[in-house]
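Structural overview
Residue-level listing of the chains:
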Amino acid sequence: MAVEIKYVVVKKGEEKMTFASKKEADAYDKMLDMAEAFTDWLAQHQPDMDESQAETLGLLLAEQKEAIQHILRTSKLPDASDSADAAKKARAAEHADENGEGEVAQTKKVRAVKAA
């Protein structure tokens, strides 16, 4: 008999998604919290916006937070190569965490950001 651990993200009593690792589940939960905050902010600032539109836009903003942060920092759209580089770095950091090298990868990432 096999034992399998699953991490389930539940919001407002509704099961949203199931993950194999706690790290992925926590990241998704954080993204949903951010989407909810964006939705509430949109509802405050655009009261005539439909609730479902605000939820959809809030989720999009949360999912694309790296692109939004780039736009806020530079006032320019991120290049396709920037998005690919960011995705590649994220995958490398995840791989390093899985192999117990997360602390080293995080240090290198911080240094790369400071140098830029």
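This text gives an overview of the structure that appears in the document. Since the model is a prediction, treat every value here as computed from it, not as a measurement.

Bringing the overall build of the protein chain into the picture now. The number of helices and strands found in the protein chain is five helices and two strands. Sequence-ordered secondary structure for the protein chain, helices as α and strands as β, is β-β-α-α-α-α-α. Taking all 116 residues of the protein chain together, 13% fall into the buried category. Long-range pairs, those at least 24 residues apart, make up 19% of the contacts in the protein chain with a sequence separation of at least 6. Working note: accessible area of the protein chain is about 9400 Å², and carbon and sulfur atoms make up 55% of it.

Scanning the model with the defined rule gives one aromatic pair in all. Each ring, one from Phe19 and one from Tyr28, has its centre 5.4 Å from the other, and the planes form 50 degrees; the classification is tilted. Judged by its relative accessible area of 13%, Phe19 is buried.

The subject of this paragraph is the pattern of salt bridges. All chains considered together, the criterion is met by five salt bridges. A salt bridge links Asp33 to Lys11; the shortest N-O distance between them is 2.2 Å. In this pair, Asp33 is assigned in helix H1 (residues 22–45) and Lys11 in strand E1 (residues 7–11), connecting sequence segments 22 residues apart. Residue Asp33 is classed as partly exposed on the basis of its relative accessible area, which comes to 37%. Its relative accessible area of 17% is what places Lys11 among the buried residues. Note that Glu14 is salt-bridged to Lys16, the shortest N-O span being 3.6 Å. Among the residues examined, Lys16 registers a relative accessible area of 36% and is labelled partly exposed. Within the structure, one salt-bridge network assembled from shared partners comprises Lys11, Asp29 and Asp33.

Criteria and thresholds
- Residues numbered from 1 in each chain as written.
- Predicted model: local features only at pLDDT ≥ 70, side-chain atom pairs only at ≥ 80, totals over all residues.
- Heavy atoms only, no water.
- Helix = DSSP H or I, 4+ residues; strand = E, 2+ residues; numbered from the N terminus.
- Buried < 20%, exposed > 50% of the residue type's maximum accessible area, 1.4 Å probe, protein only.
- Contact = heavy atoms within 4.5 Å.
- Areas by Shrake-Rupley, 256 points an atom, 1.4 Å probe, with all protein chains shown as cover.
- Phe/Tyr/Trp six-rings, centres within 6.5 Å; stacked < 30°, edge-to-face > 60°.
- Salt bridge = Lys/Arg side-chain N within 4 Å of Asp/Glu carboxyl O.

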